Amino acid sequence: MNARLRVQVAKGMLREYEGRLKQLEGRLTVMRGRAQQTTGRARLRLVRAERRLRGRLDASVKRMEAATKALKSRLESMLRDTRAFERGVRAGIRTGAKTFRRLGRR
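Presented here is a report on the structure given in the accompanying data block. Quantities reported herein were computed from a predicted structural model and do not represent experimental measurements.

## Digging into the environment of Met13
Then comes step 1: By secondary structure assignment, the location of Met13 is in helix α1 (residues 3–37).
Then comes step 2: Spatially, the C-alpha atoms of Met13 and Ala67 are 7.6 Å apart, while their sequence positions differ by 54 residues.

As structure tokens, this is what we get:
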């Protein structure tokens, strides 16, 4: 799998996690409003559901952070490799140009 495809996959994963995160935050807001209006057992159920939802939110955030870290490290290593390759190509071009000039003047 080439680097560009990996980056696209990682970006897609991040977009997916961001979408899920927004949905969960919306549901959490709605549940908080309902929990404040209810009493008794219904309130307890909503509080428990809110707690579970908060746990899912935290898990989603952790997955997003892990995906971001993985993407960042891959991009940094890819950039390092690209810079090294670029330096090699430039050095080869300079050496080739010097050799061409030297041989052309004889």
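## What about the pattern of salt bridges?
Then comes step 1: Under the defined criterion, the tally for this structure stands at three salt bridges.
Then comes step 2: A salt bridge links Glu16 to Arg20; the shortest N-O distance between them is 2.5 Å. One end of the pair is Glu16 and the other is Arg20, both in helix α1 and four residues apart, which spans about a single turn.
Then comes step 3: The class for Glu16 is partly exposed, based on a relative accessible area of 43%.
Then comes step 4: Across the pair Glu86 and Arg90 runs a salt bridge whose closest N-O atoms are separated by 2.9 Å. On the criterion of helical spacing, the pair formed by Glu86 and Arg90 is a turn pair, its members being four residues apart in helix α2 (residues 40–104).
Then comes step 5: By relative accessible area, Glu86 is classed as partly exposed at 37%.
Then comes step 6: Judged by relative accessible area, Arg90 falls into the exposed class, the value being 51%.

## Overview of the nonpolar core
Then comes step 1: In terms of nonpolar packing, the biggest core is built from eleven residues, these being Tyr17, Leu21, Leu24, Leu28, Met31, Ala35, Leu46, Ala49, Leu53, Leu57 and Met64.
Then comes step 2: Of all elements in the fold, only α1 and α2 reach the threshold of two or more residues within this core.
Then comes step 3: Among the elements that take part in this core, α1 stands out by supplying six residues, more than any other.
Then comes step 4: With residues up to four places along the chain from it excluded, the contact list for Leu46 reads Met31, Arg34, Ala35 and Thr38.
Then comes step 5: Val7, Ala10, Leu14 and Leu71 belong to the second largest nonpolar core, which has five residues in total.

Parameters at a glance
Residues numbered from 1 in each chain as written. Predicted model: local features only at pLDDT ≥ 70, side-chain atom pairs only at ≥ 80, totals over all residues. Heavy atoms only, no water. Helix = DSSP H or I, 4+ residues; strand = E, 2+ residues; numbered from the N terminus. Salt bridge = Lys/Arg side-chain N within 4 Å of Asp/Glu carboxyl O. Buried < 20%, exposed > 50% of the residue type's maximum accessible area, 1.4 Å probe, protein only. Core = buried A, V, L, I, M, F, W, Y, C linked by side-chain atoms within 4.5 Å. Contact = heavy atoms within 4.5 Å.

Any link to function would need more than the numbers given here.
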